[in-house]
Amino acid sequence: MALIGVFDSGVGGLSILDEALRQLPEHDYIYLADSINAPYGEKSSEWIASRSMELCKYLVAQGCDAILLACNTATAEAIAHIRHELNHIPIIGVEPGIKPAAMQSANGIVGVLATEATLKSDKFSALLATLPNCQFIKQAGAGLVPLIESGQANGEEALELLAEHLEPIQDAGADTLVLGCTHYPFLRKAIRKLLGDSINLIDTSEAVVRQLKRKLEAQGKHLDHGQYGSIKLISSKDAELLHQMAQELMQSDLNQHRIESQLVSSFR
Ligand code: DGL
């Protein structure tokens, strides 16, 4: 069994934790939400890189055997540096799924909804350059993360803002939309309301967790006991709210796990 650290700027990474609990329920998890600082997507590269490093070091100090960087923005800005410094454990990141999107799109027009920092990053530009035959309509989802953080993913304001952000993607005739931020799977309902059922939504959480499973197997740490591990929910802002939002946003039956929530304001 392993202790897995899952880190995001806020509640977005719960979409990855949800998938991890589906595929790997027997492990123990620490979920760390830096909600006091969300959104990361509009902060500087330097800030994102140094804060992400600080939080990953904290997870290592808690005894984590692997870290899921459940944040596209932190992955884009910090994963190379984090892997370099914390090279004794697997660090698995999340990237906008533009490769599967390009493969699955019938008309070669793909919308990418992600944070401004992700879209502006060198890592994302390098990824785009590998797919010259597809047209990508990039759109920063400004303002969406704070609404999701405050429990308004299905509210009228989120729907209106999303409609504005999706307009250029819709106008270009995209048949596929990449959810390039781990918060956005929680907008699925609103996206379907606006774009209908025919658009293909790409979210990479399943592939990301499969990758974690392979890494744990390679280390002999994945033994399926058919049991349920524990989950510790840590927030830099409001641990009770994080617990409540996990219950609201996730599909997994959290009652099968031992859950503890904790407010941590200093991660040193
Ligand atoms: N959930 C994060 C991502 O996947 C970051 C959102 C934010 O804090 O801006 O990019």
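Computed from a predicted structure; not experimentally measured. (Residues numbered from 1 in each chain as written. Predicted model: local features only at pLDDT ≥ 70, side-chain atom pairs only at ≥ 80, totals over all residues. Heavy atoms only, no water.)

J.: Give a description of the site of the ligand that names residues and reports values.
T.: The local shell around the ligand holds 13 residues, among which Ser9, Tyr40, Gly41, Asn72 and Thr73 are the closest. Thr73 has a polar side-chain atom sitting 2.6 Å from an oxygen atom of the ligand. Contact distances for the ligand include 2.8 Å between an oxygen atom and a backbone N or O atom of Thr182. For the ligand, whose unbound accessible area comes to 300 Å², protein coverage reaches 99%. Split into classes, the residues belonging to the shell around the ligand amount to five nonpolar, seven polar and one charged. (Near = heavy atom within 4 Å. Polar contact = N/O pair within 3.5 Å; in protein donor to acceptor, adjacent residues only side chain to side chain. Areas by Shrake-Rupley, 256 points an atom, 1.4 Å probe, with all protein chains shown as cover. Nonpolar A, V, L, I, M, F, W, Y, C, P; charged D, E, K, R; others polar.)

J.: Tell me about the environment of Ile98, and please be specific about residues and values.
T.: In this structure, Ile98 sits in helix α4 (residues 98–104). Judged by its relative accessible area of 0%, Ile98 is buried. For the pair Ile98 and Ile202, spaced 104 residues apart in the sequence, the C-alpha separation amounts to 8.2 Å. Dropping the residues within four chain positions of it, Ile98 is found in contact with Val112, Phe124, Leu127, Leu128, Leu131, Phe136 and Val178. (Helix = DSSP H or I, 4+ residues; strand = E, 2+ residues; numbered from the N terminus. Buried < 20%, exposed > 50% of the residue type's maximum accessible area, 1.4 Å probe, protein only. Contact = heavy atoms within 4.5 Å.)

J.: With reference to specific residues and values, describe the pairing of strand β3 (residues 66–69).
T.: The two faces of β3 match: Ala66 and Leu68 on one face and Ile67 and Leu69 on the other face are all buried. Pairing of strand β1 (residues 3–8) with β3 involves four bridges; the strand directions are parallel. Across the sheet, the residue bridging to Gly5 is Ile67, located in β3. Here two bridges tie β3 to strand β4 (residues 91–92), and the two strands are oriented parallel to one another. Residue Leu68 lies in a different strand from β4, and its bridge partner there is Ile92. In this fold, the crossover linking β3 to β4 by way of helix α3 (residues 72–85) has right-handed handedness. (Pairing = 2+ DSSP bridges. Right-handed = clockwise from strand over helix to strand, strands pointing away.)

J.: Mind laying out the pairing of strand β9 (residues 230–235), listing which residues take part and the relevant values?
T.: One face of the sheet, then the other: side chains in a regular strand alternate in exactly this way. Across the six residues of β9, five count as buried, placing the element largely inside the fold. Here strand β2 (residues 28–33) runs beside β9; their pairing, made up of five bridges, is parallel. Across the sheet, residue Tyr29 finds its bridge partner in β9, namely Ile231.

J.: Which residues make up helix α2 (residues 45–61), and what are the values?
T.: Between the first and last C-alpha of α2 there are 24 Å, a value that for 17 residues agrees with the 24 Å anticipated at 1.5 Å per step. Taken together, the buried positions of α2 are Ile48, Ala49, Arg51, Ser52, Met53, Glu54, Leu55, Cys56, Tyr58, Leu59 and Val60. (Expected span 1.5 Å × (residues − 1).)

J.: Residue-level account of the nonpolar core, with values.
T.: Ile4, Leu14, Leu17, Leu177, Tyr184, Leu187 and Ile191 are the most contacted members of the largest nonpolar core, which totals 55 residues. Excluding residues within four positions of it along the chain, Leu177 makes contact with Gly111, Val112, Leu113, Leu166, Ile169, Ile191, Leu195, Ile199, Asn200, Leu201 and Ile202. Of all hydrophobic cores here, the second largest spans 28 residues; its members include Leu59, Val60, Ile82 and Ala117. (Core = buried A, V, L, I, M, F, W, Y, C linked by side-chain atoms within 4.5 Å.)

J.: Explain the sheet that holds β4 to me, and be specific about the residues and the numbers.
T.: With parallel pairing, the six strands of this open sheet are ordered in space as β4-β3-β1-β2-β9-β10. Among the strands making up the open sheet, the edge pair consists of β4 and β10 (258–263). Where β9 and β10 come together, six bridges link them in parallel fashion. Directly across from Ser235, in β10, lies its bridge partner Leu263. The strands that helix α1 (residues 14–23) touches are β1, β2, β3 and β9; relative to β2, the one it contacts most, it runs at about 170°. (Axes fitted to C-alpha atoms, helices over the stretch in contact; angles between N-to-C directions.)

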